[in-house]
Amino acid sequence: MTGIQRGISRGLHGQIVEVMAQRILSGQIPEGSTINVPDLQADLGVSLTAVREALKVLTAKGLVDARQKRGTFVRPRSDWNLLDADMIRWHFDDDDVRPELLEELHEVRGIVEPAAARLAAVRASDAQIDLLDKALAAMSSATNDLDAAEADVAFHKALLAATGNELLTKMEVVIETGLAGRDRLVHKVKSSDDPVPSHARVVDAVRAHDPEGAELAMRELLAKAAEDLSAVRKTTGRGGK
């Protein structure tokens, strides 16, 4: 039915937004379809005001819109704000997440992160290198997949910040949310390899102010990530792009 549960930490409003978003992303409420707001309210068992507030959130993310005579409807996927952090997380929260989404994330990382490593090697301050070292230490001391994933995210965020480029730093929205979801999926299908050596090579090159070495180390790290994607594809029985 609804998945709405009273009194949990996410709050009623957040739950309504997430349930509605998942129905749209899963195709249960298809693109172009009209949303009967009173029927939705009755189905969810919440107030009409709560549903309307949730729809405002989804409108801001490009999922829905409203027009006179047509009412509230689901916008085409091409209009969705796919770079929104919640949207990325919702895609990865889907039990039937598309392997293509992992491929697309990997392609984005392949474009952004080698260049970020190169810039970081030129521009990183001592304080920023220290943050990379701290993330690496957390990765080394992690005793479970969750801690390892959090350290991994912290590392890649620190690397983007070390570029000194504010626009590149904002890519952390995609990298952080997508990487957390990717790590969770990969850990479901294969045992974790030691991530420290491949990440340490990036840090060593950044510390040495070696742009070519940093870029190469990041490309090698991403090649290992591509192997993880292959494991996910084999387990799901689907091919990538």
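Residues numbered from 1 in each chain as written. Predicted model: local features only at pLDDT ≥ 70, side-chain atom pairs only at ≥ 80, totals over all residues. Heavy atoms only, no water.

A.B. asks: Describe the side chain of D65, naming the residues involved and giving the relevant values.
C.D. replies: Here D65 lies in strand β2 (residues 64–67). The class for D65 is buried, based on a relative accessible area of 16%. (Helix = DSSP H or I, 4+ residues; strand = E, 2+ residues; numbered from the N terminus. Buried < 20%, exposed > 50% of the residue type's maximum accessible area, 1.4 Å probe, protein only.)

A.B. asks: Explain the nonpolar core to me, using residue names and the numbers behind them.
C.D. replies: Residues L132, F155, L159, V202, V206 and M218 are the most contacted members of the largest nonpolar core, which totals 25 residues. Those elements that provide at least two residues to this core are α5 (99–123), α6 (126–141), α7 (145–161), α10 (196–207) and α11 (211–236). Looking at this core element by element, the count peaks at six residues for α10. Sequence-distant contacts of M218, defined by excluding residues within four places in its chain, comprise E113, P114, A117, H156, L159 and V202. One finds V17, I29, A50 and W80 within the second-largest nonpolar core, a separate group that totals 24 residues. (Core = buried A, V, L, I, M, F, W, Y, C linked by side-chain atoms within 4.5 Å. Contact = heavy atoms within 4.5 Å.)

A.B. asks: Let's hear about the pairing of strand β3 (residues 71–74): which residues, and what values?
C.D. replies: Walk down a regular strand and you will see the side chains alternate between the two sheet faces. As paired strands, strand β1 (residues 34–35) and β3 are joined by two bridges and run antiparallel to one another. Looking at β3, one finds that T34 is bridged to F73. Looking at chain direction, β2 and β3 are connected through four bridges and run antiparallel. Residue pairing in the sheet places V64 in a bridge with V74 of β3. Hairpin connection from β2 to β3: three residues lie between these consecutive antiparallel strands, with K69 at a positive phi of about 75°. (Pairing = 2+ DSSP bridges.)

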